[in-house]
Amino acid sequence: MRESIVIEGLSKYYNGFLALDNLSLKIRKNEDVALLGPNGAGKTTTLKLLCGLLRPSSGAAYINGINVVEERERAVSKVGAILETPEFYPFLTPEETLSYLGRLRGMRGRRLGRRIMEVIELVRLEEWSKVKIEKFSRGMKQRLAIAQALLHDPPILILDEPALGLDPRGMMEVREIFKEARKRKTVLLASHLLTEVAQVCDKVAIIDHGQLRVYDSIAHLKRKYRSFERAYLKLTRAAI
Ligand code: ADP
């Protein structure tokens, strides 16, 4: 299977408002692709449709060839996702949270225990693994969100604005963690930050008003428009 994610003519109406307009996109195995666009462009809608959290008005989405609407559970088992602001039970610790989420995903026993330790180490929460989440900062919760996305070692990561609300140090830490975590994984990341996208991804799908404006490598866009910023400004409409 060469393609990890295939989106075919996907549209979404919210009460008559067209938020996503006939989007098509193919993402090959191990590619890192950003969905870039201004607020309201339709990025979150696209990711929610891909994870089966919303039903499309028309079109289809496939994860590793599996139709997300027809076989949601099987399709989504290949995905680790961070969608919107991560919320966890404040009275649980990271270890307890990951144990509960792991069991929900069919992981058990020693394998689950080992994997929990691995992901906690990866996101550098070792000293906090037995502390209740109610004491956590936004950055620490974001690191736990990354840990839960990676827990079942999924081949595909879907991330909605992973740097949102983080301070510069938090952003750099998260970027470092992902650098390690995304090796041998397909990544689809939604962001409105050009710098984040340029640092993390090879390819970009720029969307605006629910429509795909361009899908190309960042290097090629830089050559064609002289800079990534100019490409973005040319390809998206100004806010009113
Ligand atoms: P982005 O993630 O790019 O900021 P969204 O996918 O969240 O964009 O939203 C796309 C458009 O759809 C926006 O105009 C937004 O206001 C609208 N929208 C999103 N969710 C809903 C909803 N549940 N009901 C009505 N409109 C929505």
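Structure report, in brief. (Residues numbered from 1 in each chain as written. Predicted model: local features only at pLDDT ≥ 70, side-chain atom pairs only at ≥ 80, totals over all residues. Heavy atoms only, no water.)

## Notes on the site of the ligand
Residues in contact with the ligand, as listed here, are Y14, F17, A19, P38, N39, G40, A41, G42, K43, T44 and T45. Within the backbone of G40, one N or O atom sits 2.7 Å away from an oxygen atom of the ligand. Backbone polar atom of A41 to an oxygen atom of the ligand: 3.1 Å apart, as the coordinates give it. Against a free-state accessible area of 560 Å², the protein chains account for coverage of 59% of the ligand. Going through the elements one at a time, β2 (17-28) and α1 (43-50) are the ones with two or more residues in the shell around the ligand. (Near = heavy atom within 4 Å. Polar contact = N/O pair within 3.5 Å; in protein donor to acceptor, adjacent residues only side chain to side chain. Areas by Shrake-Rupley, 256 points an atom, 1.4 Å probe, with all protein chains shown as cover. Helix = DSSP H or I, 4+ residues; strand = E, 2+ residues; numbered from the N terminus.)

## Remarks on the nonpolar core
Ranked by internal contacts, the top residues of the largest apolar core, which has 46 residues, are L36, L98, I146, L189, V197, V204 and F228. Sort the elements by how many residues they give to this core and helix α5 (residues 138-150) lands first, with seven residues. The residue makeup of this core includes at least three contributed by each of domain 1 (1-78 + 155-240) and domain 2 (87-154). Once residues within four sequence positions are removed from consideration, V204 is found in contact with A34, L36, V197, V214, Y215, D216, I218, L221 and F228. (Core = buried A, V, L, I, M, F, W, Y, C linked by side-chain atoms within 4.5 Å. Buried < 20%, exposed > 50% of the residue type's maximum accessible area, 1.4 Å probe, protein only. Domains from an automatic or database assignment. Contact = heavy atoms within 4.5 Å.)

## Examining the environment of H209
With respect to the helices, strands and loops of the structure, H209 is situated in the loop between β9 (203-208) and β10 (211-217). Exposure remark for H209: the relative accessible area of 46% places this residue in the partly exposed category. In this structure, the C-alpha to C-alpha distance between H209 and L20, residues 189 residues apart in sequence, is 7.4 Å. When residues no more than four places from it in sequence are discounted, the contact partners of H209 are A41 and R237. Reaching out from H209, the side chain makes a polar contact with the side chain of D208 at a distance of 3.0 Å.

## Digging into the pairing of strand β3 (residues 32-36)
In terms of burial, β3 is largely enclosed, as five of its five residues are buried. Where burial is concerned, the two faces of β3 agree: the one with D32, A34 and L36 and the one with V33 and L35 are both buried. Sheet topology places β3 next to strand β8 (residues 186-191); five bridges connect them, and they run parallel. Each bridged residue has a counterpart across the sheet, and for V33 the counterpart in β8 is L188. Across four bridges, the pairing between β3 and β9 is parallel. From the neighbouring strand, A34 faces β9, where its bridge partner is V204. (Pairing = 2+ DSSP bridges.)

## Brief notes about the packing of aromatic side chains
Scanning the model with the defined rule gives three aromatic pairs in all. With a centroid separation of 6.1 Å and 55° between ring planes, the pair formed by Y89 and Y100 is classed as tilted. Linking Y89 in the loop between β6 (79-82) and α3 (94-104) with Y100 in helix α3, this pair joins segments that are eleven residues apart in sequence. Judged by relative accessible area, Y100 falls into the partly exposed class, the value being 33%. The structure contains a cluster of three or more aromatic residues connected by ring pairs, namely Y89, F91 and Y100. Just above the ring of Y215 sits the side chain of K203; from NZ or CZ to the centre is 4.3 Å. (Phe/Tyr/Trp six-rings, centres within 6.5 Å; stacked < 30°, edge-to-face > 60°. Lys NZ or Arg CZ within 6 Å of the ring centre and 35° of its normal.)

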